[in-house]
Amino acid sequence: MRGGTLSVLLLAVVAFAVADDKPHIEHHAAPAAAPDHRSDFEKIDTRLDSLTTRIGKLIENIDGRVDPARIKRAGSLKVRVQRLEGFHCGKREYQCGGDDPECVSNLFICDGHKDCRNGHDEELCDLPTKAGDHFEGVVLWDKCTKRQPEKMGFEIKSVKVFPDFPGIPRLQGNVLIDYEGSDGRHGNVALPSSGYYKFSRHRLVLLAPETDGLGLACQFDGYNTDKCDGEILHEVTGEVCAKIAFQRVTEDDDEDHDDHHHH
Ligand SMILES: [Ca+2]
């Protein structure tokens with residue numbers, strides 16, 4: 001419920017901010033008109049301030065919850081807020097977040113040293129993936145893969161952290177493709193691939209396993225390690241040409257007695 005309220009509020013603020021970007025200044029207007037506009041802007045400023053304060057309070061409320069699952073959800077929400085606000089750092093830089101507009105190099109994220117004044121570069125440094133992990137997903141749309149699968153997956157075989165680049169662990173794994181052949185028969189392939197995880201972007205990348213130059217990337221939000229937004233993209237141009245909603249697959253359902261159904 002709160003999430004819904006917050007989203008609506010956010011949209012309101014974003015809409016407001018966008019509208020505010022284009023003030024109705026009439027250049028031909030007489031100078032005498034200026035004070036009216038100023039009072040208009042002050043009104044808008046005040047309203048924006050109060051909306052921002054309300055959102056801040058909502059986020060504080062969310063942070064105040066102790067249930068770990070809720071904190072995880074609240075964290076995911078905060079990331080969405082930050083995405084809406086936009087990142088204002090360079091391409092290879094990380095935005096320290098919070099109220100601090102500081103930017104630090106991507107290479108300094110999760111390297112064991114505090115580089116952001118608020119220390120955010122050393123938070124969220126748990127790798128969302130480890131050797132043996134398996135993710136599967138439904139293909140949402142696809143305008144480039146040759147097999148046009150309905151389902152795709154990937155599995156991670158090994159994770160290595162190199163001391164010089166601790167923020168970019170190297171991965172080995174397989175891209176898994178379930179498809180239906182032109183003869184209507186079902187097939188599946190496991191294409192060995194290497195790649196990396198970037199802490200600065202919470203992004204897992206598996207480089208193109210085939211000669212078509214199509215790589216796989218999966219965007220985590222830094223909090224929820226059980227799902228990521230998958231993309232197939234042209235490695236040269238970066239153009240995204242397919243999307244997959246990946247979910248972690250729990251292999252031995254019988255061993256962990258959580259509230260999943262049993263057969
Ligand atoms: Ca650091």
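Definitions and limits used
- Residues numbered from 1 in each chain as written.
- Predicted model: local features only at pLDDT ≥ 70, side-chain atom pairs only at ≥ 80, totals over all residues.
- Heavy atoms only, no water.
- Salt bridge = Lys/Arg side-chain N within 4 Å of Asp/Glu carboxyl O.
- Helix = DSSP H or I, 4+ residues; strand = E, 2+ residues; numbered from the N terminus.
- Buried < 20%, exposed > 50% of the residue type's maximum accessible area, 1.4 Å probe, protein only.
- 1 Å grid on protein atoms, 1.4 Å probe; cavity = no way out; pocket = protein on both sides within 12 Å on 5 of 7 lines; lining within 4 Å.
- Points joined across faces, edges and corners; volume = space filled by probe spheres on them.
- Nonpolar A, V, L, I, M, F, W, Y, C, P; charged D, E, K, R; others polar.
- Domains from an automatic or database assignment.
- Donors = N, O, S within 2.8 Å, 3.2 Å for Na, K, Ca; no water.
- Tetrahedral: all angles 85-135°; square planar, octahedral: opposite > 155°, others 65-115°.

### Considerations on the pattern of salt bridges
Pairs may arise between side chains of opposite charge once their charged atoms sit close together. In total, this model carries 11 salt bridges according to the counting rule given. A salt bridge links Glu102 to Arg117; the nearest nitrogen and oxygen atoms lie 3.8 Å apart. In this pair, Glu102 is assigned in the loop between strand 1 (93-95) and strand 2 (103-105) and Arg117 in the loop between strand 2 and strand 3 (134-142), connecting sequence segments 15 residues apart. Overall, the relative accessible area of 15% leaves Glu102 in the buried class. A relative accessible area of 58% means that Arg117 is categorised as exposed. Between Asp133 and Arg248 there is a salt bridge whose closest N-O contact spans 2.9 Å. Pair noted here: Asp133 is in the loop between strand 2 and strand 3 and Arg248 is in strand 10 (residues 240-248), with a separation of 115 residues, a long-range link. The class of Asp133 is buried, set by a relative accessible area of 5%. For Arg248, a relative accessible area of 21% puts it in the partly exposed group.

### Here's the deal with the layout of surface pockets
In this structure, the second largest pocket occupies an estimated 480 Å³ of space. Counting residues per element, the ones that place at least two in the lining of the second largest pocket are strand 6 (186-198), strand 7 (203-206) and strand 8 (214-219). Considered class by class, the residues forming the lining of the second largest pocket number 9 nonpolar, 4 polar and 6 charged. Split by domain, the lining of the second largest pocket shows at least three residues from each of two domains, domain 2 (93-122) and domain 3 (134-248).

### Some words on the coordination of the calcium ion
Angles at a metal have ideal values that depend on geometry: 109.5 degrees with four tetrahedral donors, 90 or 180 degrees with six octahedral donors. Protein-derived coordination of the calcium ion comes from Phe108 (O), Asp111 (OD), His113 (O), Asp115 (OD), Asp121 (OD) and Glu122 (OE), at a distance range of 2.2 to 2.4 Å. Around the calcium ion sit 6 donor atoms; with metal-centred angles ranging over 76 to 169 degrees, the donor geometry is octahedral. For His113, a relative accessible area of 54% translates into the label exposed.

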